[in-house]
Amino acid sequence: GLAELLIPAGLCLYFKGEKRWLKWLMIIMLTFVYARVYTAISYRTAILMVLPVLISCRYYSRRLTQIVAVITTVVFLLGSVFSKSLGSVDMNNVVVASASEVTVPVKTILLRSFLPSYILFWIAVIAAYNIAYKGRKMILEQDEISQNQSKVDTELSMAKQIQERALPIIPDLPKHDEYELSASMSTAKAVGGDFYDLMFVDDNHLAIVIADVSGKGVPAALYMMVSKILLATRIMSGGSPKEILEDVNNQLCDKKMESMFVTVWLGIIDINTGHVISANAGHEYPIIRRKDSHFEIFKDKHGLVLGGMENIKYKESEFDLAPGDTLYLYTDGVPEANNNKGELLTIDGALDILNRHREKSVEDLLDRMKEEIDLFANGAEQFDDITMFSLRYNGSEKIIKQEEFPATIEAIENLTD
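**Concerning the overall build of the chain**
Helix and strand counts for the chain stand at eleven helices and 13 strands. The proportion of buried residues among the 417 residues of the chain is 41%. Here the contacts in the chain between residues at least 6 apart in sequence split such that 70% fall between residues at least 24 apart. Put simply, the chain shows about 23100 Å² of open surface, and 57% of that area lies on carbon and sulfur atoms.

**Thoughts on the packing of helix H6 (residues 217–236) against helix H7 (residues 241–254)**
Where H6 meets H7, the closest approach of the two axes is 10 Å, and the angle between their N-to-C directions is 140 degrees. In this view, H6 runs oblique relative to H7, as classed from their interaxial angle. When you trace H6 past H7, the crossing you get is right-handed. Where H6 approaches H7, its residues Tyr223, Val226, Ser227, Leu230, Leu231, Arg234 and Ile235 are matched on the opposing element by Glu243, Ile244, Leu245, Asp247, Val248, Gln251 and Leu252. Residues that form the contact of H6 with H7 fall into these classes: nine nonpolar, two polar and three charged.

**Considering the packing of aromatic side chains**
For the structure shown, the criterion picks out five aromatic pairs. Each ring, one from Tyr196 and one from Phe389, has its centre 6.4 Å from the other, and the planes form 50 degrees; the classification is tilted. Separated by 193 residues along the polypeptide, Tyr196 in strand S4 (residues 194–200) and Phe389 in strand S13 (residues 386–393) bring together distant segments of the chain. Judged by its relative accessible area of 7%, Tyr196 is buried. Owing to a relative accessible area of 0%, Phe389 belongs among the buried residues under this scheme.

Calculation criteria
- Residues numbered from 1 in each chain as written.
- Predicted model: local features only at pLDDT ≥ 70, side-chain atom pairs only at ≥ 80, totals over all residues.
- Heavy atoms only, no water.
- Helix = DSSP H or I, 4+ residues; strand = E, 2+ residues; numbered from the N terminus.
- Buried < 20%, exposed > 50% of the residue type's maximum accessible area, 1.4 Å probe, protein only.
- Contact = heavy atoms within 4.5 Å.
- Areas by Shrake-Rupley, 256 points an atom, 1.4 Å probe, with all protein chains shown as cover.
- Axes fitted to C-alpha atoms, helices over the stretch in contact; angles between N-to-C directions.
- Parallel < 35°, antiparallel > 145°, perpendicular 65-115°, else oblique.
- Left-handed = near helix turned anticlockwise from the far one by under 90°.
- Nonpolar A, V, L, I, M, F, W, Y, C, P; charged D, E, K, R; others polar.
- Phe/Tyr/Trp six-rings, centres within 6.5 Å; stacked < 30°, edge-to-face > 60°.

Shown next, in the form of structure tokens:
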């Protein structure tokens with residue numbers, strides 16, 4: 001019996017368990033080894049016959065479990081009969097005919113030994129069958145869930161690509177000597193609710209938008225696309241930042257997307273003069289660095305978020321960018337970046353990073369910011385989307401020449417008149 005068990009065990013090791021017929025060989029060998037033991041000692045080892053069935057249910061195949069149960073039943077029955085002459089005698093079943101004769105009728109064996117053990121055996125078979133059935137059902141459900149998750153992951157990946165391509169690609173924008181631009185967005189999930197946008201209202205005025213939709217994931221991404229389209233369409237129609245935010249706020253409120261809103265900072269820059277007119281709908285304060293100075297918060301006038309309440313009036317703020325000045329915009333994912341101790345970066349921490357890298361180009365500045373935020377997080381999962389935008393104003397040649405030669409410019413204008 002031990003030799004018969006060692007043969008399939010050795011084959012399993014040799015083939016590394018990759019052959020389908022190995023499970024059949026192992027179960028058949030076990031069945032007949034246990035049958036031999038049961039035949040020799042019928043009244044103590046009936047429980048051994050349950051083991052092949054229990055092993056078969058490990059493969060989560062109801063058909064396999066049924067076949068093994070039937071084979072084991074036949075072997076079990078033969079073992080009970082053969083034990084009359086080949087095995088030991090159960091003294092509870094014997095009839096003493098004389099001092100030298102002991103008889104065990106087959107009927108007695110079947111009724112007293114086989115039948116009780118057989119009933120217990122089939123109780124175990126039913127349990128094994130249910131295990132196989134439920135196990136297979138669970139595996140099929142998990143496989144279906146895995147396939148569905150794979151489809152969801154693919155769709156989210158496509159949604160992420162669509163979202164990224166909906167944002168302006170800075171290197172592809174028309175080049176202007178008056179300024180340098182850089183932007184970055186890192187989402188906490190596959191898709192996010194942050195976005196930025198920029199477009200020329202006319203030849204001299206550049207509109208910049210940075211926004212943060214409430215929530216995360218797919219709902220925020222969909223609301224983000226709606227908000228971005230509404231803002232872009234309204235900006236190109238003309239008007240001041242204040243008027244644009246008021247109109248878009250009412251449009252979002254009309255759509256009645258409950259529990260959804262978006263914070264927005266909108267600024268329109270005259271690239272010839274550096275003059276900025278902005279409006280803020282509940283967004284983070286912009287940060288400005290004057291040439292040869294430090295980054296500092298510019299506390300502009302705040303209004304309510306877009307989509308929160310109809311007919312809200314917004315106020316405008318104005319400031320000027322001189323040649324060499326840098327404007328830094330961001331979402332709340334920057335100051336609210338957390339580490340594995342539960343600590344937040346805070347706005348002071350963000351300012352400290354900015355000032356340590358203030359001499360960098362706008363692109364390097366954002367790269368250093370992201371690196372230091374990741375270093376601060378120290379492996380903690382990113383909780384919120386992190387979006388940053390930076391503009392360095394270089395000034396206009398027209399303005400510089402006019403400042404250098406005011407009398408000449410004035411004389412030429414007089415001659416033109």
